[in-house]
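Here is what each chain is made of, one letter per residue.
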Amino acid sequence: MGRIYISDLENHVGEEVQLHGWLYNKRSSGKIRFLLVRDGTGIVQCVMLKTGVPENIFALYDTLTQESSLSIKGKVRKDERAPGGYELEVTDIPKIYQIAQDYPITPKEHGIEFLADRRHLWIRSSRQHAILKVRHRIIKAIRDFFDGRGFTLIDSPILTPAACEGTTTLFETEYFDLGKAYLTQSGQLYGEAAAMAFGKIYCFGPTFRAEKSKTRRHLTEFWMVEPEVAFNDLNDTMDLAEEFLEYIVQTVLRECERELKVLERDTTKLQNVKKPLPRITYDEAVEILRKNNIPFEYGNDFGGTDETVISEHFDRPVMVHHYPAAVKAFYMKRDPEKPHLALAVDVLAPEGYGEIIGGSQREDDYDTLVARIKEHNLPQEAFEWYLDLRRFGSVPHAGFGLGVERTVAWICGLEHVRETIPFPRMIYRLTP
Ligand code: 4AD
Ligand code: MG
């Protein structure tokens, strides 16, 4: 008899099957004992009757502790009331792999730091399991979206010679005889080179920011997907972003119904995520803050609270474009009519989840870009290769970056990004 997974029980109703897993929970009422077994694909209630198994097997119930690993045999029964819809009528427990020691995470409430210190075990819990399943589905949707539209995946390096998103959040390390190397803040500059070679590309990988802020939206290591398209302008990149967000959200709603239920996510607001998404200028966003009596100095970037107030005016993500160039990155092209404004866009998620996408049209003129590198006090030698893209067949181009963890937090309805990545890295957390 082959091993099967809990997610596949529906195809084995009436058969005797063997599962391998861990004891999630148990309860007993005299002649009938319930073992809740999980195997990574689901949880199934295994019912052991005193009359249904040999005495020595029935007695194993007492020795089995939470998270003990075992193999269990039984007949599959459809039962609407059972969690997952199926039950196992136990016939045998052929193997106990290990009797687990006192498991620290019990069904009672634990403090967040206690759980975070035990993240390697915490991910076995049903809520964390559901979040990471949604994360997986979002990542697959991201890849499917671009792969299905003729984009080529181009991996960008993690060890880089210079800053991309400002010098204040750089992680640096010694690099042999070559001086300093920096953990990448974004693959974009390499993505631009790749767009000139392949037309439409995306890079997708971990990025690093030495964020000194301790907020619910910041990690020091996070995953970002960054499409870049030759001949696209700011409007084209907004068109791409809205189609992309609709695709991700609608896919998760369709395919992660079970997980969203575990998370008790109110999905009505997610149903709205369809194009067109509203587009407003920075100035219009500032006006919203004024009307809400939020103190804000014109010309600054928006803070977390500002973003929340702005996004509350819309029933779906809002795209804010044309930011003051002074608060944005060196590579952004400026509006030819209003050169103090950058051709930039931030997409703010609803329900207070803040910026999930940052993007722009890039400066494609050689002289202007050299001037920007100087203004930002960046070392020009390190950017010579990047300037080559403006020397040899420069074209308008644009792209954006979507942060995976903030997207997961928003779609799952989570308070903090620390639960959205298997092993979070934050200013005060490097373990486990
Ligand atoms: O707005 P950012 O800094 O944009 C870039 O890095 C561009 N190079 C992207 C591009 O145009 N190719 O970051 C993009 C997104 C943010 O909107 C946010 O979702 C996420 O990355 N992000 C973070 N997520 C978690 N923790 C942090 N510290 C983050 N910093 C940015
Ligand atoms: Mg940004």
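This report concerns the structure included in the present document. (Residues numbered from 1 in each chain as written. Chains lettered and ligands numbered in written order. Predicted model: local features only at pLDDT ≥ 70, side-chain atom pairs only at ≥ 80, totals over all residues. Heavy atoms only, no water.)

### Some details on empty space enclosed by the protein
Turning to step 1, where the next piece is worked out: Under the criterion given, the structure shown has three cavities of 30 Å³ or more.
Turning to step 2, where the next piece is worked out: As a volume, the largest cavity reaches approximately 90 Å³.
Turning to step 3, where the next piece is worked out: By residue class, the composition of the lining of the largest cavity is nine nonpolar, two polar and no charged.
Turning to step 4, where the next piece is worked out: Lining the second largest cavity are A325, K328, A329, F330, M332, R334, A342, R372 and H376.
Turning to step 5, where the next piece is worked out: Considered class by class, the residues forming the lining of the second largest cavity number five nonpolar, one polar and three charged. (1 Å grid on protein atoms, 1.4 Å probe; cavity = no way out; pocket = protein on both sides within 12 Å on 5 of 7 lines; lining within 4 Å. Points joined across faces, edges and corners; volume = space filled by probe spheres on them. Nonpolar A, V, L, I, M, F, W, Y, C, P; charged D, E, K, R; others polar.)

### What to know about the nonpolar core
Most often, soluble globular proteins have nonpolar side chains that are buried together.
Turning to step 1, where the next piece is worked out: Counting residues in hydrophobic clusters, the biggest one holds 51 residues, and the most contacted among them are I142, F146, F244, L245, W410 and I411.
Turning to step 2, where the next piece is worked out: Contributing elements (two or more residues each) for this core: α4 (126-147), β10 (200-208), β11 (221-230), α6 (234-255), β14 (341-349), β15 (354-361), β16 (397-403) and α13 (404-412).
Turning to step 3, where the next piece is worked out: Examining the composition of this core, we find that ten residues originate from one element, α6, more than from any other.
Turning to step 4, where the next piece is worked out: Grouped together as the second largest cluster of nonpolar side chains are 33 residues, F296, Y323, Y331 and M332 included. (Core = buried A, V, L, I, M, F, W, Y, C linked by side-chain atoms within 4.5 Å. Buried < 20%, exposed > 50% of the residue type's maximum accessible area, 1.4 Å probe, protein only. Helix = DSSP H or I, 4+ residues; strand = E, 2+ residues; numbered from the N terminus.)

### Section: the sheet that holds strand β7 (residues 159-160)
Within a sheet, neighbouring strands are paired by backbone hydrogen bonds and run either parallel or antiparallel to one another.
Turning to step 1, where the next piece is worked out: One open sheet holds the three strands; their spatial order is β7-β9-β8, and the pairing between them is antiparallel. Of all the strands in the sheet, just β7 and β8 (172-174) have a single pairing partner and so form its edges.
Turning to step 2, where the next piece is worked out: Pairing geometry for β7 and strand β9 (residues 180-183), over two bridges, is antiparallel. Across the sheet, residue L159 finds its bridge partner in β9, namely L183. (Pairing = 2+ DSSP bridges.)

### Things to note about the environment of A197
Turning to step 1, where the next piece is worked out: Locating A197 in the fold gives a position in helix α5 (residues 188-198).
Turning to step 2, where the next piece is worked out: Exposure remark for A197: the relative accessible area of 56% places this residue in the exposed category.

### Considering the site of ligand 1
Turning to step 1, where the next piece is worked out: Near ligand 1 you find 23 residues, and of these E165, Q188, R209, E226 and E355 are the closest.
Turning to step 2, where the next piece is worked out: In the model, an oxygen atom of ligand 1 is placed 2.9 Å from a nitrogen or oxygen of the R209 side chain.
Turning to step 3, where the next piece is worked out: Between ligand 1 and E226, the relevant distance is 2.7 Å, taken from a nitrogen atom to a side-chain nitrogen or oxygen of the residue.
Turning to step 4, where the next piece is worked out: When isolated, ligand 1 has an accessible area of 630 Å², and the protein chains bury 94% of it.
Turning to step 5, where the next piece is worked out: Among the cavities detected, the one that contains ligand 1 is the largest pocket.
Turning to step 6, where the next piece is worked out: When contributions to the shell around ligand 1 are tallied by element, the ones reaching two or more residues are β11, β15 and β16.
Turning to step 7, where the next piece is worked out: Examining the composition of the shell around ligand 1, we find that five residues originate from one element, β15, more than from any other.
Turning to step 8, where the next piece is worked out: Its residues assigned to classes, the shell around ligand 1 comprises seven nonpolar, eight polar and eight charged. (Near = heavy atom within 4 Å. Polar contact = N/O pair within 3.5 Å; in protein donor to acceptor, adjacent residues only side chain to side chain. Areas by Shrake-Rupley, 256 points an atom, 1.4 Å probe, with all protein chains shown as cover. Sits in = over half its atoms within 2 Å of the grid points.)

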